[in-house]
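Each chain is listed here by its residues.
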Amino acid sequence: MSPKARTIYRCTNCGADHPKWAGRCDVCGDWNTLVEEIVSAPANATGATARRRGGTASLSAGGTAVAAPRLRDVHGSEARRWKTGIGEFDFVLGGGIVPGSVVLIGGEPGIGKSTLLLQVAATLQGREHEVLYVSGEESPLQVKLRADRLGDSAQNVALLSETNLETILATASAQAPAVMIVDSIQTVFTSDLEGAPGNVGQVRESAARLMHFAKASGTSVFLVGHVTKGGGIAGPKTLEHIVDTVLYFEGEGTLDHRVLRATKNRFGSVDEIGVFRMHENGLEPVANPSELFLSDRHDIASGSAVTTLLEGSRPILIEVQALAAKAGYGTPQRVSTGYDGRKLALLLAVLDKRAGLSFSSLDVFINVVGGVQLREPAGDLAVAAALASSVYDRALPSDAVFIGEVGLGGEIRPVAQTERRLAEAAKMGMRNAFVAQRSAGGRIPKDVKAVGVATIADMFRRLFS
Ligand code: TYD
Ligand code: MG
């Protein structure tokens, strides 16, 4: 810390500063809002004095002028991204790692963040990009054991077991790696602040200085952040504001696949996802997620229908299963996994009223395969088709996909991005598509036959009569 800097406690609610920590801000009255912060002493007082004296020189306010280049003189291009070779990872970042960028990777403990980053480190190292892996959570032996599990590829990665920010920055400056991984930001602390590692002030200050280091040196920094109970990384949203890119690593359902999702990206689009599968020796990228979510489609039973789910720019085919079985005494059951229970109740009422399909004496079970959540209205038609298929006990064509929203009048409404969904369906071998009438007039992939249906009754007639 420079001799002029000092620490204060700032209220995260009203911004008031206090020389000492207190449980309650005496300006706004909020509890537990004071966070330790480093401030520089006010810029030299001569600035203000000079301003009063007048003259243009005094307008500099004590700062030093620097050159401001024209944009055309700023060099570097997209081509300067570093590819890790792990396709799904590069894809989510927007085409590789941008030098000097700071990426925050959040996720619940045990989801595989350290595994993913060690694999990234290994492939980067294999491509002659120096990587420094800073581990504050695990001993060198623990990291080594994980590396052994992943094969020999990570053996050349430099490992620093350290939590002191000053030591980390000094080591990084001396080694000048292309990429530095800090696992995790909650374990890093600066001796300039008194708070314990992991508290808001420490996390924010450490992240800000690592960010400064990245911009000044061109080293890309990956920060691992644990997700708090509220779902945010490290508590303060401020961390997400200062970094360039925020990725979340999540599990979907109970299966062993993991989804990497960008929620903020200064160098690419957000809402892109990358899918991985966790094996006994590391994460394997799944280049074609649809294959993972469709169960074996060779001889399908009744009650199964396929639809598309749009995740970012990438549509994924998923399978919906329905089982309608004769209910015992009492109120029939409605059990739904991956599909909203209230939407199911509504759909059952519509099927009863508009297509004469009664479920009043049937137990109904819905399951979206792969532990996926089907939240888009585009999935309604598939759920309706699966339900009808189960009631009539007749299997749907195995190469058919159902895309459309079902309205209260039983009408089928078009959904966003039908063309992209159909393109993915075609790629996965689907040859028939049931869509809203208006969508059937759009651009359809050449090996797909689009059937426009006006209402669910209309669709059931075509499927079952
Ligand atoms: P880890 O990367 O330590 O998670 P995080 O850093 O997000 O806390 O991964 C932990 C889990 O992954 C652990 O339960 C073991 C499992 N795992 C595998 O299944 N295969 C592997 O090859 C590795 C390294 C871990
Ligand atoms: Mg970890």
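Residues numbered from 1 in each chain as written. Chains lettered and ligands numbered in written order. Predicted model: local features only at pLDDT ≥ 70, side-chain atom pairs only at ≥ 80, totals over all residues. Heavy atoms only, no water.

A.B. asks: If you had to explain the overall build of the chain to someone new, which residues and values would you point to?
C.D. replies: Along the backbone of the chain there are 13 helices and 21 strands. Per-residue burial over the chain gives 50% buried out of 465 residues. A sequence separation of at least 24 residues applies to 64% of the contacts in the chain between residues at least 6 apart. Carbon and sulfur atoms form 52% of the exposed surface of the chain, whose accessible area is close to 22400 Å². (Helix = DSSP H or I, 4+ residues; strand = E, 2+ residues; numbered from the N terminus. Buried < 20%, exposed > 50% of the residue type's maximum accessible area, 1.4 Å probe, protein only. Contact = heavy atoms within 4.5 Å. Areas by Shrake-Rupley, 256 points an atom, 1.4 Å probe, with all protein chains shown as cover.)

A.B. asks: So what's going on with the sheet that holds strand S6 (residues 158-161)? Residues and values would help.
C.D. replies: An order of S6-S5-S7-S8-S4-S9-S10-S11-S12 is seen for the nine strands of this open sheet, with the pairing classed as mixed. Bordering the open sheet on either side are S6 and strand S12 (282-285), each of which pairs with just one other strand. Mean inter-strand twist for the sheet, computed between neighbouring axes without regard to direction, equals 25°. Direction of pairing for strand S11 (residues 273-279) relative to S12: antiparallel, over a ladder of four bridges. Bridge pairing in S12 links Arg277 to Glu284. (Pairing = 2+ DSSP bridges. Axes fitted to C-alpha atoms, helices over the stretch in contact; angles between N-to-C directions.)

A.B. asks: How would you explain the site of ligand 1 if you had to name every residue and give the values?
C.D. replies: Inspection of the region around ligand 1 gives 15 residues, with Gly110, Ser114, Thr115, His279 and Gly282 positioned closest. Between an oxygen atom of ligand 1 and a main-chain N or O atom of Ile111, the distance comes to 3.4 Å. Between an oxygen atom of ligand 1 and a side-chain N or O atom of Ser114, the distance comes to 2.6 Å. The fraction of the free accessible surface of ligand 1 (560 Å²) that becomes covered by protein chains is 76%. When contributions to the shell around ligand 1 are tallied by element, the ones reaching two or more residues are helix H3 (113-126), helix H4 (140-149) and S11. Looking at the shell around ligand 1 element by element, the count peaks at three residues for H3. (Near = heavy atom within 4 Å. Polar contact = N/O pair within 3.5 Å; in protein donor to acceptor, adjacent residues only side chain to side chain.)

A.B. asks: Would you mind going over the side chain of Glu36 in detail, with residue names and values included?
C.D. replies: Along the chain, Glu36 turns up in strand S3 (residues 34-39). Of the side chains with opposite charge, Arg204 lies nearest to the buried Glu36, which makes no salt bridge, at 9.9 Å. Polar contacts involving the side chain of Glu36 include one to the main-chain amide nitrogen of Glu194, which spans 2.6 Å. Apart from residues no more than four positions distant in its own chain, Glu36 is found in contact with Thr7, Ile8, Tyr9, Leu193, Glu194, Gly195 and Gly201. (Lys, Arg positive; Asp, Glu negative; His and termini not counted. Salt bridge = Lys/Arg side-chain N within 4 Å of Asp/Glu carboxyl O.)

A.B. asks: Can you tell me about the packing of helix H10 (residues 380-392) against helix H13 (residues 456-464), naming the residues and giving the values?
C.D. replies: Closest axis-to-axis distance for the H10/H13 pair is 11 Å, and the angle between their directions is 50°. Taken together, the axes of H10 and H13 lie oblique to each other. The interaxial crossing formed by H10 with H13 has right-handed handedness. Contact residues: Leu381, Ala384, Ala385, Ala388, Ser389 and Tyr392 in H10; Ile456, Met459, Phe460 and Phe464 in H13. Residue composition of the contact of H10 with H13, grouped by class: nine nonpolar, one polar and no charged. (Parallel < 35°, antiparallel > 145°, perpendicular 65-115°, else oblique. Left-handed = near helix turned anticlockwise from the far one by under 90°. Nonpolar A, V, L, I, M, F, W, Y, C, P; charged D, E, K, R; others polar.)

A.B. asks: Kindly report on the side chain of Ser114, identifying the contributing residues and their values.
C.D. replies: One can find Ser114 in helix H3. Taking the relative accessible area as the measure of exposure, Ser114 reaches 13% and is therefore buried. A polar atom in the side chain of Ser114 sits 2.7 Å from the side chain of Asp183. Those residues in contact with Ser114 that lie beyond four places of it in its chain are Tyr133, Glu138, Arg146 and Asp183.

A.B. asks: Now, about the nonpolar core: what can you tell me, with residues and values included?
C.D. replies: Across soluble globular proteins, nonpolar side chains show a tendency to be buried alongside one another. Grouped together as the largest cluster of nonpolar side chains are 47 residues, with contacts concentrated most on Phe359, Ile366, Leu387, Phe402, Phe434, Ile456 and Met459. With eight residues, the single largest contributor to this core is H10. (Core = buried A, V, L, I, M, F, W, Y, C linked by side-chain atoms within 4.5 Å.)

A.B. asks: Hey, could you go over the pairing of strand S8 (residues 220-226) for me, with residue numbers and the actual values?
C.D. replies: Among the seven residues of S8, seven are classified as buried, and the element is accordingly described as predominantly covered. Along S8, one buried face is formed by Ser220, Phe222, Val224 and His226 and the opposite face, lined by Val221, Leu223 and Gly225, is buried too. Two strands pair when backbone bridges link them, and strand S4 (residues 102-107) and S8 are joined in this way by six bridges, in the parallel orientation. Residue Gly107 lies in a different strand from S8, and its bridge partner there is His226.

Functional significance is not addressed by these values, which are geometric in nature.
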